[in-house]
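Examination of the molecular architecture
Here is how the chains run, residue by residue.
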Amino acid sequence: METLIISCLLGSIAGIVLGLTGAGGAILAVPLLIFGLGMNMSEAVPIALLAVCLSATIGALIGLKQGRVRYRAAGLIALTGSLAAPVGFWLSQQLPHEPLTLLFALVLTYVAISMLRKKKSGGHDVQTDVMHLHPYPEIPCMLGSNTGRLIWTWPCARALALSGTLAGFLSGLLGVGGGFVVVPALNKVTLLQMQAILATSLAVIALVSAVGTASAVLFGTMNWWVAAPFALGALAGMMIGFALSTRFSGKKLQQGFAWMAICVALAMVFKLFV
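Report on the accompanying structure. (Residues numbered from 1 in each chain as written. Predicted model: local features only at pLDDT ≥ 70, side-chain atom pairs only at ≥ 80, totals over all residues. Heavy atoms only, no water.)

**Quick look at the overall build of the protein**
This is how it is decided: Note on conventions: DSSP H or I runs of at least 4 residues are helices, E runs of at least 2 residues are strands, and numbering of each starts at the N terminus. Each residue is placed in one exposure class: buried if its accessible area under a 1.4 Å probe, protein chains only, is under 20% of its type's maximum, exposed if it is over 50%, and partly exposed if it falls in between. The contact criterion used is simple: two residues touch if any of their non-hydrogen atoms lie within 4.5 Å.
Along its length, the protein carries eleven helices and zero strands. Put simply, the protein runs from its N terminus to its C terminus through helices and strands in the order α-α-α-α-α-α-α-α-α-α-α. Looking at the protein as a whole, 49% of its 274 residues qualify as buried. Across the protein, every contact between residues at least 6 apart in sequence was considered, and the portion connecting residues at least 24 apart equals 80%.

Now the structure itself:
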């Protein structure tokens, strides 16, 4: 019973951070399980994938209802990510705990530094008629001047597929959502506005993490006694975070999470050598 309560509380912490920052709570799931329940990486990754899957699914459904999800782009990224996710998950079960933890700490630090360096204005706010008159040849995924939809070309499909492959592999390997790969990639290779990018990213994360979760179930590595309360706690915490997010500055929340993530990464490395 004590483990169930602790797992639920840890999940709620991840969910609250996710709801407050719009990202980041998912990548905190693994450190919370390591420090809170004494798990190793191979045990924590499947549980984190389940929590990521459920949380991202709710966010993606909200984005889909609002018409912000670019479902064709999400489908292509998710397809390549789904092929790579089982490979990453299999590798996570083979690697020793120490190098896997170091890799996770590096990724966490990278995400934190990226958030600290993030510019105030995210995404592309260029209007479609302006884009039609002044094209951006360095951006492979252009938008139609009349429809506002992505114009599909081989460079565009290749760029999206590569980002999906990397996101899926890291999702399976480290139990993270992969949004820190998908969001910058969409921002770089498309002219989509940030609201559409975030909604599309959530759809990708939901699909890819679902494959990772299914892989964990098939491999028999899912600890349901911890995973179920952790995931439920994450969902409840996310709703609380959403309700509280309007009371705080988005920029300060992102910066606060970034510094907390750096501290968590350092603590994970420190724990390995103590």
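Still more to cover.
**Re helix 7 (residues 154-174)**
Owing to its 3.6 residues per turn, the α-helix aligns residues three or four sequence positions apart on the same side. How we decide: One less than the number of residues in a helix, times 1.5 Å, gives the span that helix is expected to have.
Helix length check: helix 7, at 21 residues, gives a terminal C-alpha distance of 30 Å against a target of 30 Å (1.5 Å per residue), a fit within 8%. Among the residues trailing helix 7, Gly-175 stands out with phi positive, at a value near 75 degrees.

**Some words on the nonpolar core**
Soluble globular proteins tend to pack their nonpolar side chains together in the buried interior. The test is simple: We call a set of buried residues a nonpolar core when its members are Ala, Val, Leu, Ile, Met, Phe, Trp, Tyr or Cys and they connect through side-chain atoms within 4.5 Å of each other.
Grouped together as the largest cluster of nonpolar side chains are 77 residues, with contacts concentrated most on Ile-27, Phe-104 and Leu-174. Ranked by residues supplied to this core, first place goes to helix 3 (residues 41-65) with nine residues. Once residues within four sequence positions are removed from consideration, Leu-174 is found in contact with Val-30, Met-41, Val-45, Leu-100, Leu-103, Phe-104 and Val-107.

**Considering the layout of surface pockets**
Rule in force here: The pocket and cavity definitions rest on a 1 Å grid over protein atoms only: a 1.4 Å probe that fits but cannot leave marks a cavity, an open set with protein on both sides within 12 Å along at least five of seven lines marks a pocket, and residues lining either have an atom within 4 Å of a point. Grid points are joined across faces, edges and corners, and a volume is the space filled by probe spheres set on the points. Nonpolar residues are Ala, Val, Leu, Ile, Met, Phe, Trp, Tyr, Cys and Pro. Charged residues are Asp, Glu, Lys and Arg, and all others, Gly as well, are polar.
A volume near 180 Å³ is recorded for the second largest pocket. Here the lining of the second largest pocket takes three residues from helix 4 (residues 71-94), the largest share from any one element. Tallied by class, residues from the lining of the second largest pocket come to six nonpolar, one polar and three charged.

**Section: the packing of helix 4 against helix 7**
Filter applied, for reference: Every axis corresponds to a line fitted to the C-alpha atoms, with the helix fit spanning only the stretch in contact, and the corresponding angles, defined between N-to-C directions, vary from 0 to 180 degrees. Handedness of each helix crossing follows the sense of rotation of the near helix against the far helix: counterclockwise by less than a right angle gives left-handed, clockwise gives right-handed.
In the contact formed by helix 4 and helix 7, the axes pass within 6 Å of each other and the chain directions differ by 35 degrees. As for the relative orientation of helix 4 and helix 7, their crossing is right-handed in sense. Listed contacts from helix 7 to Ala-73, Leu-76, Ile-77, Thr-80, Gly-81, Ala-84, Ala-85, Val-87, Gly-88, Phe-89, Leu-91 and Ser-92 of helix 4 are Ala-157, Leu-160, Ala-161, Ser-163, Gly-164, Thr-165, Gly-168, Phe-169, Gly-172 and Leu-173. A per-class count over the contact of helix 4 with helix 7 returns 13 nonpolar, nine polar and no charged.

**Some details on the environment of Ser-12**
If you trace the backbone, Ser-12 turns up in helix 1 (residues 2-21). Note on Ser-12: relative accessible area 18%, which makes it buried. Distance in space between the C-alpha atoms of Ser-12 and Leu-232 is 7.9 Å, their sequence separation being 220 residues.

**Some points on the side chain of Ser-171**
Counting through the fold element by element, Ser-171 comes out in helix 7. On the basis of relative accessible area, Ser-171 is assigned to the buried category, the value being 0%. Discounting chain neighbours no more than four positions away, the residues touching Ser-171 are Leu-49, Val-176, Gly-177, Val-208 and Ser-209.

**Here's the deal with the packing of aromatic side chains**
Worth spelling out the cut-off: Each aromatic pair joins two rings of Phe, Tyr and Trp (for Trp, the six-membered one) with centres within 6.5 Å, and gets the label stacked for planes under 30 degrees apart, edge-to-face for over 60, and tilted for any other angle.
Enumeration according to the criterion identifies one aromatic pair in this entry. Look at Phe-89 and Phe-219: their rings are 5.5 Å apart centre to centre, the planes differ by 45 degrees, and that puts the pair in the tilted class. One end of the pair, Phe-89, is in helix 4; the other, Phe-219, is in helix 9 (residues 194-219), with 130 residues separating them in the sequence. A residue is classified by how much of its surface remains accessible, and Phe-89, at 0% relative accessible area, is buried.

**Considerations on helix 4**
Rule in force here: Throughout, the bend at a residue refers to the angle made by two axes, fitted to the seven residues ending there and to the seven starting there.
The terminal C-alpha atoms of helix 4, which comprises 24 residues, lie 34 Å apart, in line with the 34 Å expected from a rise of 1.5 Å per residue. At Ser-82, helix 4 shows its maximal kink, close to 30 degrees; a proline, Pro-86, follows between one and four residues later. Residues Ala-73, Ala-74, Ile-77, Ala-78, Thr-80, Gly-81, Ser-82, Ala-84, Ala-85, Gly-88, Phe-89 and Ser-92 constitute the buried set of helix 4. On its buried side, helix 4 packs onto helix 3, helix 5 (97-116), helix 7, helix 8 (179-189) and helix 9.

**Looking at a nonpolar patch on the surface**
Short version of the rule: Here, patches come from residues exposed beyond 30% relative accessible area and free of salt bridges, joined within 9 Å for like charges and within 5 Å for nonpolar side chains (Val, Leu, Ile, Met, Phe, Trp, Tyr). Each accessible area is a Shrake-Rupley estimate made with a 1.4 Å probe; only the visible protein chains count as cover when residues are assessed. Salt bridges are defined as contacts in which a side-chain nitrogen from Lys or Arg sits within 4 Å of a carboxyl oxygen from Asp or Glu.
A cluster of nonpolar side chains, namely Met-1, Ile-5 and Leu-9, defines an oily patch on the protein surface of about 360 Å² accessible area. Locating Met-1 in the fold gives a position in the segment before helix 1. Owing to a relative accessible area of 73%, Met-1 belongs among the exposed residues under this scheme.

**Description of the side chain of Thr-190**
Quick reminder of the rule: Polar contact criterion, stated in full: a pair of N or O atoms within 3.5 Å, where within protein one must be able to donate a hydrogen and the other to accept it, and residues adjacent in sequence count only if both atoms are side-chain atoms.
Relative to the elements of secondary structure, Thr-190 occurs in the loop between helix 8 and helix 9. For Thr-190, a relative accessible area of 0% puts it in the buried group. A distance of 2.5 Å separates the side chain of Thr-190 from the backbone oxygen of Leu-186, its partner in a polar contact. Within the structure, Thr-190 has its side chain in polar contact with the backbone nitrogen of Leu-192 (distance 3.3 Å).

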